[in-house]
Amino acid sequence: FLQCYTPCSDQLWPSAPVLARLLPEIDPATQALRDPALVPACPNCAGPMFFNVRGGPWFVETPWRRQFDALREWLPSAPNERLLVLDIGSGFNTPSVVRWPMERTALAIPTARFIRINRHDPELHVDLGVRALTVAGGALEVLRTVARARD
């Protein structure tokens, strides 16, 4: 998703159509847009837009709050269920957002199992013993291998 970089609102917009339009306009040598005027503008305030990624105080969190609240409500019941925490590709850009909380979740729930697929950073920050599996590989190649093994 894209969001206003200011941000002027809590709205998000799909990024796929914008990326499809911009990718052919990127100079392969410089990785910059050939025409800076193509940078997407916020439909509300005409300011610059950026990806909705946690990277600074401008991050628009409101659209994700409902899912976070649902997870927080569900977690206390998790020890009564079979739980697999599957972490695909989370690295160290903002490890306190996904990577470490998911490890702590698996650690806190004795019935949980944890799988991390990560080409560069498969290691765990916590000791889950035999309840954890880490795979040093790209997600697509690992998932294709698993799918072929099931056939």
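Refer to the structure above for everything that follows.
This one's a predicted model, so the numbers in the text were calculated from it and none came from an experiment.

(A) Focus on the sheet that holds strand S5 (residues 132-135). The three strands are arranged S3-S4-S5 in an open sheet whose pairing can be described as parallel. Two strands bound the open sheet, and with one partner strand each, they are strand S3 (83-88) and S5. Geometrically, the sheet is characterised by an average inter-axis angle of 10 degrees between neighbouring strands, direction not taken into account.

(B) Structural view of the layout of surface pockets. When its volume is computed, the largest pocket comes out at roughly 920 Å³. Looking at the largest pocket, it is lined by 26 residues, and the ones nearest its centre are Arg-54, Phe-68, Val-97, Val-98 and Met-102. With six residues, helix H2 (residues 65-74) is the single largest residue contributor to the lining of the largest pocket. By volume, the second largest pocket is sized at about 250 Å³. When residues of the lining of the second largest pocket are traced back to their parent elements, those giving at least two are helix H1 (16-22) and strand S2 (49-51). Partitioned by chemical class, the residues of the lining of the second largest pocket number 13 nonpolar, one polar and no charged.

(C) Summary view of the pairing of S3. Residues of S3 alternate between two faces, with Leu-83, Val-85 and Asp-87 buried on one and Leu-84, Leu-86 and Ile-88 left unburied on the opposite face. The pairing of S3 with strand S4 (residues 112-117) spans six bridges and is classified as parallel. Bridging across to S4, Ile-88 finds its partner in Ile-117. A crossover connection joins S3 to the parallel S4 through helix H3 (residues 99-108); in handedness this β-α-β unit is right-handed.

(D) Molecular detail of the pattern of salt bridges. In the structure shown here, the tally under the stated rule is seven salt bridges. As a salt-bridge pair, Arg-54 and Glu-61 come within 3.2 Å of each other at their nearest N and O atoms. By relative accessible area, which is 34% here, Arg-54 ends up partly exposed. Across the pair Glu-123 and Arg-99 runs a salt bridge, and its minimum N-O distance is 3.6 Å. Placement of the pair is Glu-123 in the loop between S4 and S5 and Arg-99 in helix H3, with a sequence separation of 24 residues. Since its relative accessible area comes to 39%, Glu-123 is described here as partly exposed. Through salt bridges with shared partners, a single network forms among Arg-54, Glu-61 and Arg-65.

(E) Here's a closer look at the nonpolar core. Ala-78, Leu-83, Val-85, Ala-106, Ile-109, Ala-112, Phe-114, Val-126 and Leu-128 together form the largest nonpolar core, which totals nine residues. Look past the residues within four positions of Val-85 in its chain and what remains in contact with it is Met-102, Ala-106, Arg-113, Phe-114 and Ile-115. Core analysis: the second largest hydrophobic core is formed by seven residues, Trp-13, Val-18, Leu-22 and Cys-42 among them.

(F) Focus on unusual backbone geometry. With omega at -25 degrees, the peptide bond leading from Thr-6 into Pro-7 counts as cis. Along the polypeptide, Pro-7 turns up in the loop between strand S1 (2-4) and H1. In this model, Gln-31 sits at a positive phi of 65 degrees, which is unusual for a non-glycine residue. For Ala-46, which is not glycine, the phi dihedral falls at a positive 70 degrees. Tracing the sequence through the fold places Ala-46 in the loop between H1 and S2. Looking at Ala-46, the relative accessible area reads 58%, which means it is exposed.

Calculation rules
- For every chain, the first residue of the written sequence is number 1, and numbering continues from 1 onward in sequence order.
- Predicted model: local features are reported for residues with pLDDT of at least 70 only, side-chain atom pairs are reported and counted for 80 or more only, and whole-chain, interface and lining totals are derived from all residues.
- Side-chain numbers come from the whole structure's heavy atoms, not from hydrogens or water.
- Here, strands pair whenever DSSP counts at least two bridges between them.
- Only runs of H or I of at least four residues qualify as helices and only runs of E of at least two qualify as strands under DSSP, and these elements are numbered from the N terminus.
- Angles here are taken between N-to-C directions and fall from 0 to 180 degrees, while the axes themselves are lines fitted to C-alpha atoms, restricted in helices to the stretch in contact.
- Two kinds of site are reported from a 1 Å grid over the protein atoms alone, namely cavities, where a 1.4 Å probe fits but cannot get out, and pockets, open sets with protein on both sides within 12 Å along at least five of seven lines, and residues are called lining when an atom falls within 4 Å of a point.
- Grid points are joined across faces, edges and corners, and a volume is the space filled by probe spheres set on the points.
- Classification convention: Asp, Glu, Lys, Arg as charged; Ala, Val, Leu, Ile, Met, Phe, Trp, Tyr, Cys, Pro as nonpolar; all other residues, Gly among them, as polar.
- The rule is simple: take the accessible area with a 1.4 Å probe, protein chains only, and divide by the maximum for that residue type; under 20% is buried, over 50% is exposed, in between is partly exposed.
- We call a crossover right-handed when, viewed with the strands running away from us, the connection from the first strand over the helix to the second turns clockwise.
- Salt bridge, as used here, is a side-chain nitrogen of Lys or Arg placed within 4 Å of a carboxyl oxygen of Asp or Glu.
- Among buried residues, those of type Ala, Val, Leu, Ile, Met, Phe, Trp, Tyr and Cys that are joined through side-chain atoms within 4.5 Å constitute a nonpolar core.
- We call two residues in contact whenever any of their non-hydrogen atoms come within 4.5 Å of each other.

Worth remembering: the numbers are spatial, not functional.
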